[in-house]
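Residue-level structural notes
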Amino acid sequence: MSPGWEAGGERAIVDAARAGDESALAELYSLYFPRVYRYILARMGNPYDAEDLTEEVFLRVLDAIKRFQWREAPFSAWLFRIAHNAVVSQRRKEGARGRCWPLSEALPVDSQGPEEMVENQLALNEIMRAAETLPEAQRRVISLRFAAGLSVAETARAMDKGEGNVKVIQHKAIAKLREMLNQRPRVYEKGRA
Amino acid sequence: MRRGELEEILEECLSALLEGRRSVEESLSLYPAWRGRLEPLLRAAEEIAAAFDETPPPQTRERGLQRFLEAARTRHRLREIFSPPSVGVPWWRWAPAGLAAVIVIAALAFLSATLMAEDGGRFSDQVSVRPYIATPERTAPPASVQSPLERVQEQVAVLEEAVRQGETVEVGFLEELEEASSELAESLEDPGEVEFLDRMAAVSAASKEYKLLQSLQVQSSGYEARVLEASLAAAENVLEKLGATPEPEPTVSPEPTASPEPTAAPTATPSPPPTPGAEATATPSPTPVPAPAE
């Protein structure tokens with residue numbers, strides 16, 4: 001989501017980072033790393049790919065940040081366009097190798113217990129399989145809204161679409177995912193009644 | 001129901017759910033009229049959000065941060081190395097200066113090319129490099145590398161052979177011989193500086209030349225006679241500078257009843273010399289008697 005710091009503080013941090021301030025760069029990295037990681041994980045379905053691609057995205061940001069201009073888009077929208085391009089690039093490479101979305105063997109999250117990790121993995125795999133069948137725009141909206149935590153306005157800017165359009169796409173995507181998830185045999189229950 | 005109303009309400013409830021401001025139940029209670037359509041969507045959204053709620057491994061995050069900062073430092077260093085201080089100057093500040101520099105360089109290049117072309121034309125004889133034209137049929141070294149004496153010796157040998165064979169001697173050849181003899185005479189301005197052997201060779205060549213030319217002079221007329229005369233004078237000049245006196249052509253006794261017989265004018269006839277005309281006792285002119293050089 002768009003936390004309070006983004007409204008006023010983000011601009012100062014981004015401007016300092018553009019000037020080469022190392023602490024500002026580190027702060028930007030810390031703020032956006034989890035969101036970029038989740039977005040790429042949602043698109044790629046593999047934590048290892050997500051780790052590598054997230055690092056690559058930040059290196060691309062480093063190369064391009066001097067060209068970033070506030071009047072074009074919010075920083076988050078600009079950053080997730082780069083992330084999207086990295087995903088598309090990676091997909092193209094994998095497409096050339098004939099690779100499909102791999103499902104991860106494990107999610108190395110220290111804070112989770114083994115059962116929770118397995119449950120999360122299964123849930124992610126289920127959602128990923130369902131999302132695989134969605135049109136690209138719907139998959140992208142779902143990833144940006146649910147994984148990257150962008151608002152509708154930021155999602156719209158990142159996708160170069162209108163907010164109304166994003167809301168419609170979002171509605172259709174959730175309805176479709178719900179339908180598909182309901183049709184599949186449930187392999188786990190999350191425990192949230 | 002207004003068009004797009006469901007999407008608006010869904011988005012409002014979804015934002016509240018994702019930001020942790022409201023639960024699904026709280027949102028449904030806010031929109032009781034939409035409960036039937038909202039609830040399945042919000043439940044599905046809750047499940048999707050939970051599935052994507054993954055925290056990246058801390059070691060991955062830390063490692064990535066270190067690499068990111070190292071890359072930033074490397075880029076900064078490279079920028080410092082490869083970017084001059086003026087890198088921050090916008091292009092419109094340095095563009096006029098750059099354009100002026102290009103124009104000046106182009107003008108200088110054009111002027112240099114023009115001057116070089118003019119110089120090449122003016123002093124072409126001195127400075128131009130003439131292209132080498134291969135003349136495979138030519139066996140003798142080019143005239144420019146021969147000394148005047150060598151040229152005279154060579155041409156006298158050719159002349160002697162032509163006279164002996166009774167071949168026609170071209171006027172052009174005689175002109176070349178005259179030119180070579182003149183050069184030889186010029187090179188003998190100070191005979192004391194000339195090697196003894198060269199002097200002897202020059203006397204020998206010039207004497208032979210003189211005799212051969214004298215033999216040709218008898219039959220020549222017109223332009224050919226004038227060229228022969230000039231060649232004789234040149235040979236005579238050489239002999240004069242060397243202190244030698246050319247030997248006159250021995251006179252041939254005329255036959256008393258001989259009438260002049262026409263001979264081919266431009267051809268050189270080999271010895272014995274042809275019968276002179278009416279002036280049987282005439283000696284070939286000129287027969288200078290140069291004063292001794294020393």
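Counting restarts for each chain, with residues numbered from 1 along the sequence as it is written. Written order decides the labels, with chains lettered from A and ligands numbered from 1. Owing to the predicted nature of the model, reporting of local features is limited to residues with pLDDT of at least 70; listing and counting of side-chain atom pairs is limited to 80 or more, with chain, interface and lining totals taken over all residues.

Another aspect to go through is the overall build of chain A. The helix count covers DSSP runs of H or I at least four residues long, the strand count covers runs of E at least two residues long, and both are numbered beginning at the N terminus. Helix and strand content of chain A: eight helices and zero strands. Starting at the N terminus and ending at the C terminus, chain A contains elements arranged as α-α-α-α-α-α-α-α. Each residue is classed by its C-beta neighbour count within 10 Å, where at least 20 other C-beta atoms makes it buried, 12 or fewer makes it exposed, and intermediate counts make it partly exposed; the C-beta atoms are placed from backbone geometry. A buried classification covers 41% of the 193 residues belonging to chain A.

Turning our eyes to something else, we now look at the overall build of chain B. Across its full length, chain B carries 10 helices and zero strands. The linear arrangement of helices and strands in chain B, starting from the amino end, is α-α-α-α-α-α-α-α-α-α. When each of the 294 residues of chain B is scored for burial, the buried share is 21%. In this description, any two residues whose backbone-derived C-beta atoms lie within 7 Å of each other are considered to be in contact. Within chain B, residue pairs in contact and separated by at least 24 positions form 73% of the contacts whose partners lie at least 6 positions apart.

Attention now moves to the interface of chain A and chain B. Taken together, the contacts link 44 residues of chain A with 35 residues of chain B. When contributions to the side of chain A that touches chain B are tallied by element, the ones reaching two or more residues are α2 (22-44), α3 (47-64), α5 (114-132), α6 (136-147) and α8 (163-183) of chain A.

For the purposes of this analysis, a nonpolar core is taken to be any set of buried Ala, Val, Leu, Ile, Met, Phe, Trp, Tyr and Cys residues that are connected through C-beta atoms within 7 Å. Among the nonpolar cores identified, the biggest contains 65 residues, and A:Tyr39, A:Ile40, A:Phe80, A:Ala83 and B:Ile48 are the most heavily contacted of them. It is α2(A) that provides the largest number of residues to this core, a total of 12 residues. Discounting residues that sit within four places of it in the chain, A:Phe80 has contacts with A:Tyr39, A:Leu144, A:Ala148, A:Leu150 and A:Ala158. With 26 residues, the next largest nonpolar core counts B:Ala180, B:Ala202, B:Leu213 and B:Val238 among its residues.

All right, on to the packing of helix α7 (residues 148-165) of chain B against helix α9 (residues 196-217) of chain B then. All names here are of chain B. Only C-alpha atoms enter the line fits that serve as axes; for helices the fit covers just the stretch in contact. Angles between N-to-C directions range over 0 to 180 degrees. Closest axis-to-axis distance for the α7/α9 pair is 9 Å, and the angle between their directions is 35 degrees. In this structure, the crossing between α7 and α9 has a hand that is left-handed. Judged by residue contacts, Leu-149, Val-152, Gln-153, Val-156, Leu-159, Glu-160 and Val-163 of α7 engage Asp-198, Ala-201, Ala-202, Ala-205, Lys-208, Glu-209, Leu-212 and Ser-215 from α9. Three classes are used, and their members are as follows: Ala, Val, Leu, Ile, Met, Phe, Trp, Tyr, Cys and Pro are nonpolar, Asp, Glu, Lys and Arg are charged, and the others, Gly among them, are polar. For the contact of α7 with α9, the per-class residue count stands at nine nonpolar, two polar and four charged. Definitions for this section: a left-handed crossing has its near helix turned counterclockwise from the far helix by less than a right angle. A right-handed crossing has that turn clockwise.

The subject of this paragraph is the confidence of the model for chain A. Residues and elements named next belong to chain A. Confidence of the prediction at every residue is given by pLDDT, a number between 0 and 100. On average, residues of chain A carry a pLDDT of 81, and 77% of them reach 70 or more. Mean pLDDT across the secondary structure elements of chain A bottoms out at α5, with 73, and peaks at α6, with 94. Residue range residues 1-5 is modelled with pLDDT below 50. Its contacts to residues more than four positions away, or to other chains, number seven contacts. Here residues 187-193 is modelled with pLDDT under 50, and outside its nearest four sequence neighbours on either side it reaches nine contacts, counting other chains as well.

Our focus in this paragraph is helix α8 (residues 171-187) of chain B. Residue and element names in this part refer to chain B. Under the convention used throughout, the expected extent of a helix is 1.5 Å for every residue step, that is, one less than its residue count. Spanning 17 residues, α8 covers 24 Å between terminal C-alpha atoms, matching the ideal 24 Å at 1.5 Å per step. Among all positions of α8, only Leu-174, Leu-177, Glu-178, Ala-180, Ser-181, Leu-184 and Ala-185 are buried. What you see down the axis of α8 is that its buried residues fit within an arc of 165 degrees, all on one side. The outward face of α8, more than 90 degrees from its buried face, is lined by the exposed residues Gly-172 and Glu-186. Looking at the buried positions of α8, the neighbouring elements they touch are α7, α9 and α10 (222-241). It is the directions from the helix axis to the C-beta atoms that the arc portrays.

Right, let's talk about α8(A) for a bit. Given a rise of 1.5 Å per residue, 21 residues ought to cover 30 Å, and the 30 Å separating the end C-alpha atoms of α8(A) matches this to within 8%. All buried positions along α8(A) are accounted for by A:Val166, A:Lys167, A:Ile169, A:Gln170, A:His171, A:Ala173, A:Ile174 and A:Leu177.

On to the packing of α2(A) against helix α4 (residues 58-82) of chain B, then. Running from N to C, α2(A) and α4(B) point in directions that differ by 145 degrees, and their axes come no closer than 10 Å. Viewed along their axes, α2(A) and α4(B) form a crossing whose handedness is right-handed. When α2(A) is examined against α4(B), the residues A:Glu22, A:Leu25, A:Ala26, A:Tyr29 and A:Phe33 are found in contact with a partner set consisting of B:Arg61, B:Gly64, B:Leu65, B:Phe68, B:Leu69 and B:Ala72.

Residues and elements named next belong to chain A. Of note, the phi angle at Asp-160 is positive, near 60 degrees, even though the residue is not glycine. As for its position among the elements, Asp-160 is in the loop between α7 (152-159) and α8. Taking the number of C-beta atoms within 10 Å as the measure of exposure, Asp-160 has 9 and is therefore exposed.

Another point: the environment of B:Val203. Residues and elements named next belong to chain B. Along the chain, the position of Val-203 falls in helix α9. Classification of Val-203 by C-beta neighbours within 10 Å gives partly exposed; the count is 17. Separated by 41 residues in the primary sequence, Val-203 and Ala-244 place their C-alpha atoms 7.1 Å from one another. Once residues within four sequence positions are removed from consideration, Val-203 is found in contact with Leu-239, Leu-242 and Ala-244.

All names here are of chain B. Counting all residues, the mean pLDDT for chain B is 74, and 69% of those residues have values of 70 or more. When pLDDT is averaged over each helix and strand of chain B, the minimum, 50, is found for helix α6 (residues 124-127) and the maximum, 94, for helix α2 (residues 24-30). Every residue in residues 137-144 is under pLDDT 50, and counting partners more than four places away or in other chains gives three contacts. For the stretch residues 251-294, pLDDT sits under 50, and the model shows 58 contacts to residues farther than four places along the chain or on other chains. With pTM at 0.52, the complex prediction returns an ipTM value of 0.79.

In this section: the environment of B:Ala157. Relative to the helices and strands, B:Ala157 resides in helix α7. Linking B:Ala157 and B:Glu209, residues 52 residues apart in sequence, is a C-alpha distance of 8.8 Å.

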